[in-house]
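Chain residues, written in single-letter form:
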Amino acid sequence: MAKRKEIKFKNNRGSYEGRQDGVIYRIHADRTLLGTCAPAYAVSTYDTKGKGRGINTSGHFRLHLDDAKEFCQKIANGEISLEELRQRFEAEDAAKEQVAIRAATAAAKEFRTKLESAGISYNKLLELEAERESLPGIAHNILLGYERGEGWPSGT
């Protein structure tokens, strides 16, 4: 087995950067997990020669620092298929998007039910909101007082 050319990483306030064969390897600290035992680093690569060797693990998986460095080394040595990783990440992103769409649709349906029980459409609500935004601040406060049972201001 051929000897591996090791990537030398420089520490830059919790992030690490190394370069090898026209690729910049960055290891970014995930600040939300510092001080825990959980993996806390994401890896991104930038191919300065445009050969398709770029990848970013943010949002997909985190690694411990030593594992992140080894991950970069495996990329540099061609031991990791970046195309397979990209396909996996695209599939994960598509699945996350579908989950988000389902959750947003459920929230929209729930809100629509509330609007229907109030006897108004969403378009009517938007029209009313636009009118409310054009009210002077004092008119807004007068309406709030009226809704609380304070009645209309005296002298009107």
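First things first, this report covers the structure right here in the doc. Predicted model only: the values in this text are computed from it and were never measured.

### Looking at the environment of asparagine 11
Note on placement: asparagine 11 falls in strand S1 (residues 10–12). Placed 16 residues apart in sequence, asparagine 11 and isoleucine 27 show a C-alpha to C-alpha distance of 9.4 Å. A polar side-chain atom of asparagine 11 sits 3.3 Å from the main-chain amide nitrogen of arginine 13. At 3.4 Å, the side chain of asparagine 11 forms a polar contact with the side chain of tyrosine 16.

### Points about the sheet that holds strand S4 (residues 41–47)
Strands sit in the order S1-S2-S3-S4-S5 across an open sheet of 5 strands; the sheet is antiparallel. Because the sheet does not close on itself, it has two edges, and the strands there are S1 and strand S5 (55–56). Bridge count for S1 against strand S2 (residues 15–20) is 3 bridges, and the pairing is antiparallel. Bridged to lysine 10 within S2 is glutamate 17.

### Section: the nonpolar core
Judged by nonpolar contacts, the single largest core of 22 residues is most densely connected at Ile27, Tyr41, Phe71 and Leu85. Counting only elements with at least two residues in this core, the list comes to strand S3 (23–29), S4, helix H1 (65–76) and helix H2 (82–118). The dominant element in this core, judged by the number of residues it contributes, is H1, at 5 residues. Beyond its immediate stretch of four places on either side in the chain, tyrosine 41 contacts Gly14, Tyr16, Ile27, His28, Ala29, Phe61, Arg62, Leu63, His64, Leu65 and Ala68.

### Quick notes on the side chain of threonine 45
Looking at where threonine 45 falls in the secondary structure, it is placed in strand S4. Of the residues examined, threonine 45 reaches a relative accessible area of 10% and is grouped as buried. Of note is the side chain of threonine 45, whose polar atom sits 2.8 Å from the backbone oxygen of arginine 53. Dropping the residues within four chain positions of it, threonine 45 is found in contact with Val23, Ile24, Tyr25, Arg53, Gly54, Ile55 and Ile75.

### Some thoughts on the packing of aromatic side chains
One pass over the full model with this rule turns up 5 aromatic pairs. Look at phenylalanine 61 and phenylalanine 71: their rings are 5.6 Å apart centre to centre, the planes differ by 85°, and that puts the pair in the edge-to-face class. One end of the pair, phenylalanine 61, is in the loop between S5 and H1; the other, phenylalanine 71, is in helix H1, and 10 residues separate them in sequence. For phenylalanine 71, a relative accessible area of 11% translates into the label buried. The structure contains a cluster of three or more aromatic residues connected by ring pairs, namely Phe61, Phe71 and Phe89.

Parameters and conventions
- Chains are numbered independently. Their residues run from 1 in the order of the written sequence.
- pLDDT decides what is reported in this predicted model: residues at 70 or higher carry local features, side-chain atom pairs at 80 or more are listed and counted, and totals for whole chains, interfaces and linings draw on all residues regardless.
- Just so you know, side-chain values use all the structure's heavy atoms and leave hydrogens and water out.
- The way it works is that DSSP assigns letters per residue, a run of H or I at least four long becomes a helix, a run of E at least two long becomes a strand, and they are numbered from the N terminus.
- Contacts described as polar in this section are N or O atom pairs within 3.5 Å, which, within protein, must combine one atom able to donate a hydrogen with one able to accept it, while residues neighboring in sequence count only if both atoms come from side chains.
- Each pair of strands is called paired provided DSSP finds at least two bridges between the two strands.
- The definition of a nonpolar core used throughout is a set of buried Ala, Val, Leu, Ile, Met, Phe, Trp, Tyr and Cys residues joined through side-chain atoms within 4.5 Å.
- Relative accessibility under 20% of the residue-type maximum defines a buried residue, over 50% an exposed one, and the middle range a partly exposed one, all with a 1.4 Å probe and only protein chains included.
- Contacts are assigned to residue pairs that have any heavy atoms within 4.5 Å of one another.
- Aromatic rings from Phe, Tyr and Trp, taking only the six-membered ring of Trp, are treated as a pair when their centres fall within 6.5 Å; an angle between ring planes under 30 degrees marks them as stacked, one over 60 as edge-to-face, and anything in between as tilted.

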